[in-house]
Amino acid sequence: MRSVLAAILVFEAIIVGLAIPVAVSIEDVSGGRAGAVGGGIAVACLITAGLLRYPAGRVVGSVLQVVAIALGVVVPLMFFLGAIFAVLWFVCLVLDRRIVALRADRDRTQ
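Structural notes, computed from the coordinates. Keep in mind the model is a prediction, meaning the values are calculated, not measured.

Observations regarding the overall build of the protein chain
Across its full length, the protein chain carries four helices and zero strands. Helices and strands in the protein chain line up, N terminus first, as α-α-α-α. Its C-alpha atoms give the protein chain principal-axis dimensions of about 60 × 25 × 15 Å. In the protein chain, which comprises 110 residues, the share counted as buried stands at 33%. The contacts in the protein chain between residues at least 6 apart in sequence include a share of 68% that link residues at least 24 apart. When the accessible surface of the protein chain is summed, it comes to about 6,600 Å², and 72% of that surface belongs to carbon and sulfur atoms.

What follows is the structure, encoded as structure tokens:
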């Protein structure tokens, strides 16, 4: 499931990166500020994708989901897109826990 979570973060980094020009052209945010904040969040998503092998990576990824939704303050469409990514993220976390529990149960019965 780690690869699915990593894919979610990579695609989220792409969406956040694409939100930078929207913030500059439509929402009148300065280019430097939009680039620094959006680029920082996009890089954080990519770094977190690599950290998913550790339990802290899932925590940081969960925090990034909240940050992506909060970007909706600047680019309103990010409320919707951030929520979609957050739902995908948390559904994958729940499914991962279920898979681990089923595997452990199967191993106990064998």
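Quick look at the pattern of salt bridges
Applying the stated criterion to the full structure yields two salt bridges. For Arg58, the salt bridge goes to Asp96, with nearest N and O atoms at 2.6 Å. One end of the pair, Arg58, is in helix α3 (residues 55-70); the other, Asp96, is in helix α4 (residues 77-109), and 38 residues separate them in sequence. One salt bridge in this structure joins Arg106 and Asp107, with 3.9 Å as the shortest N-O distance. For Arg106, a relative accessible area of 45% gives the class partly exposed.

Observations concerning the state of the cysteines
Covalent bonding between the sulfur atoms of two cysteines defines a disulfide. Taken as a whole, this structure holds zero disulfides when the rule is applied. You can see Cys45 has no disulfide; the closest cysteine sulfur is in Cys92, sitting 15 Å from it. For Cys92, a relative accessible area of 10% corresponds to the buried category.

Describing the packing of helix α1 (residues 2-25) against α4
Packing of α1 against α4 leaves a shortest axis separation of 10 Å and a crossing angle of 170°. In this view, α1 runs roughly antiparallel relative to α4, as classed from their interaxial angle. Taking contact as the criterion, the partners of Val4, Leu5, Ile8, Leu9, Phe11, Glu12, Ile15, Val16 and Ala19 in α1 are, on α4, Met78, Leu81, Phe85, Leu88, Trp89, Cys92 and Leu93. Residues of the contact of α1 with α4, tallied by class, amount to 15 nonpolar, no polar and one charged.

Some remarks on the environment of Val75
Along the chain, Val75 falls in the loop between α3 and α4. Owing to a relative accessible area of 8%, Val75 belongs among the buried residues under this scheme. Spatially, the C-alpha atoms of Val75 and Val29 are 9.7 Å apart, while their sequence positions differ by 46 residues. With sequence-adjacent residues up to four places away left out, Val75 is seen in contact with Ala19, Val22, Ala23 and Glu27.

So, how was this worked out
Residues numbered from 1 in each chain as written. Predicted model: local features only at pLDDT ≥ 70, side-chain atom pairs only at ≥ 80, totals over all residues. Heavy atoms only, no water. Helix = DSSP H or I, 4+ residues; strand = E, 2+ residues; numbered from the N terminus. Buried < 20%, exposed > 50% of the residue type's maximum accessible area, 1.4 Å probe, protein only. Contact = heavy atoms within 4.5 Å. Areas by Shrake-Rupley, 256 points an atom, 1.4 Å probe, with all protein chains shown as cover. Salt bridge = Lys/Arg side-chain N within 4 Å of Asp/Glu carboxyl O. Disulfide = S-S within 2.5 Å. Axes fitted to C-alpha atoms, helices over the stretch in contact; angles between N-to-C directions. Parallel < 35°, antiparallel > 145°, perpendicular 65-115°, else oblique. Nonpolar A, V, L, I, M, F, W, Y, C, P; charged D, E, K, R; others polar.

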